[in-house]
Amino acid sequence: MKIYLNGKFVEKKDAKVSVFDHGFLYGDGAFEGIRAYNRLVFKLEEHVERLYETSHTLMIDLKMTRKEMMKAIVDTLKANNLTDAYIRVVVSRGEGDLGLDPRKCFGNPNVIIIADKITLYPKELYNRGMEIITVPTVRNNPEAINPQLKSLNYLNNILAKIEANNSGFSEAIMLDHQGYVAECTGDNIFIIKNKVLSTPSQGRLKGITRETVLELAKKNKIETKECLMTRHEVYISDECFLTGTAAEIIPVVKVDGRIIGSGKPGPMTTKLIEMFHKVTRTDGTKY
Ligand SMILES: *Cc1c(COP(=O)(O)O)cnc(C)c1O
């Protein structure tokens, strides 16, 4: 496996950064998860844009242009001769001293690109649908750590994941700072009620898969809504599903013990999954 590390390709065993890296010491950095299907990188520009947006707010100067970053991602896929892949881009503030002051990091960020295969959930779960619960840990208050930042500081989501796991579930709903449904630990959430597709408008990351699903729905004359969402609305919905680059689109059939709709993946979810598979296999940056 060839890993991109600050402009060079190195073998996995040599892909190392300092224990003084502030990404390691403080979670001080940003990341992206990207997928390539059939030698097409899906939504490459959008992912790179979000990486630069997070880095901008964190005041991490990546010292490379968006174009150079896109080329580095594509080169990593080529170096590993991957047709289908999951790509993880990690940028950290870089090596500093033991204090948290970013000024001591000398402006040398680490840029890492790993391309590999990933299957998040077994295929059977996509056919049957998932059962999820709501967990006590609320999503970060936007004025503390804005959920729009795809930052290396992932403890908010990890604590929620631990709560889900402790109760025997693999994914969980997190509420926002006001008690509305925000998203899941690493995926956005959608519901369908009376043929209207809705997704939370606040407290969540603006997922690129989420945006793709909203686009596909609009193109196919499905009414869409971004709104405040309560758990009650989720419980009484006709269909529910989650979206994320790694998970893609996964149906949800039970939430907090309440059966959703028929208890099976619904027709609109199934249709959106089909459309998503089609668009990911035909659209993207060729390499
Ligand atoms: C990455 C991520 C998502 C999904 O976003 P995509 O761009 O669709 O991959 C959703 N929620 C959180 C917290 C995430 O980190």
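This write-up is about the structure you can find in this document. (Residues numbered from 1 in each chain as written. Predicted model: local features only at pLDDT ≥ 70, side-chain atom pairs only at ≥ 80, totals over all residues. Heavy atoms only, no water.)

## Some points on the overall build of the chain
A count of helices and strands for the chain gives 8 helices and 16 strands. Dimensions of the chain, computed from C-alpha atoms along their principal axes, come out at roughly 55 × 40 × 30 Å. Going through the 287 residues of the chain one by one, you find that 51% of them count as buried. Taking all contacts inside the chain whose residues are at least 6 apart in sequence as the whole, residues at least 24 apart take part in 69%. (Helix = DSSP H or I, 4+ residues; strand = E, 2+ residues; numbered from the N terminus. Buried < 20%, exposed > 50% of the residue type's maximum accessible area, 1.4 Å probe, protein only. Contact = heavy atoms within 4.5 Å.)

## Side note on helix α5 (residues 155-166)
The end-to-end C-alpha separation of α5 is 16 Å, in line with the 16 Å expected for 12 residues at 1.5 Å each. Buried-residue contacts for α5 involve β7 (130-134) and β8 (172-175). Backbone geometry just downstream of α5 places Gly 168 in the positive-phi region, at approximately 85°. (Expected span 1.5 Å × (residues − 1).)

## Considerations on the site of the ligand
The immediate surroundings of the ligand are formed by 16 residues, with Lys 150, Tyr 154, Glu 183, Thr 209 and Thr 245 found nearest. Lys 150 has a polar side-chain atom sitting 2.7 Å from an oxygen atom of the ligand. Between the ligand and Glu 183 there is a distance of 2.6 Å, counted from a nitrogen atom to a side-chain nitrogen or oxygen. Relative to its unbound accessible surface of 380 Å², the ligand loses 96% to contact with the protein. Residues of the shell around the ligand, tallied by class, amount to 3 nonpolar, 8 polar and 5 charged. (Near = heavy atom within 4 Å. Polar contact = N/O pair within 3.5 Å; in protein donor to acceptor, adjacent residues only side chain to side chain. Areas by Shrake-Rupley, 256 points an atom, 1.4 Å probe, with all protein chains shown as cover. Nonpolar A, V, L, I, M, F, W, Y, C, P; charged D, E, K, R; others polar.)

## Digging into the nonpolar core
Core analysis: the largest hydrophobic core is formed by 27 residues, its most contacted members being Leu 62, Met 69, Ile 73, Leu 77 and Ile 87. Considering every element that reaches this core, the biggest residue donor is helix α3 (residues 66-79), with 6 residues. Aside from chain neighbours lying at most four places away, what touches Ile 87 is Glu 32, Gly 33, Ile 34, Arg 35, Ala 36, Val 41, Ile 73, Leu 77, Ile 113, Ile 114 and Ala 115. Listed in part, the 20 residues of the second largest apolar core include Met 130, Leu 175, Val 181 and Ile 260. (Core = buried A, V, L, I, M, F, W, Y, C linked by side-chain atoms within 4.5 Å.)

## A closer look at the side chain of Asn 156
Here Asn 156 lies in helix α5. Polar side-chain contacts of Asn 156 include one of 2.9 Å to the backbone nitrogen of Asn 140. Ignoring sequence-local partners within four residues, the contact set of Asn 156 consists of Thr 137, Val 138, Arg 139, Asn 140 and Met 174.

## Considerations on the sheet that holds strand β2 (residues 8-11)
Read from one edge of the open sheet, 7 strands run β2-β1-β6-β5-β3-β4-β16, paired in antiparallel fashion. Where the open sheet ends on each side, the last strands, each with one partner, are β2 and β16 (285-286). Here strand β1 (residues 2-5) pairs with β2 via 4 bridges, running antiparallel. Across the sheet, residue Ile 3 finds its bridge partner in β2, namely Val 10. (Pairing = 2+ DSSP bridges.)

## Some details on the environment of Pro 267
Here Pro 267 is to be found in helix α8 (residues 267-282). Between the C-alpha atoms of Pro 267 and Glu 239, which are 28 residues apart in sequence, the distance is 8.4 Å.

## Details of the pairing of strand β12 (residues 224-227)
Every regular strand shows the same layout, with side chains that alternate between the two sheet faces. Here 4 bridges tie strand β11 (residues 196-200) to β12, and the two strands are oriented parallel to one another. Note on β12: the bridge partner recorded for Pro 200 is Cys 227. The handedness of the β11 to β12 crossover, carried by helix α6 (residues 208-219), is right-handed. (Right-handed = clockwise from strand over helix to strand, strands pointing away.)

## Overview of the packing of aromatic side chains
Counted according to the given criterion, the structure contains 5 aromatic pairs. Between Phe 31 and Tyr 154 the ring centres are 5.5 Å apart and the planes differ by 80°, which places this aromatic pair in the edge-to-face class. Of the two residues, Phe 31 is situated in strand β3 (residues 29-37) and Tyr 154 in the loop between β7 and α5; the sequence distance between them amounts to 123 residues. Relative accessible area serves as the criterion here: at 26%, Tyr 154 is assigned to the partly exposed category. Ring centres of Phe 190 and Phe 241 lie 5.0 Å apart, and the angle between their planes is 15°; on these two criteria the pair is classed as stacked. Residue Phe 190 is found in strand β10 (residues 188-193), and its partner Phe 241 is found in strand β13 (residues 239-244); the two are separated by 51 residues along the sequence. No difference in accessibility class separates Phe 190 from Phe 241, as the two residues are buried. (Phe/Tyr/Trp six-rings, centres within 6.5 Å; stacked < 30°, edge-to-face > 60°.)

Just distances and angles here, no functional claims.
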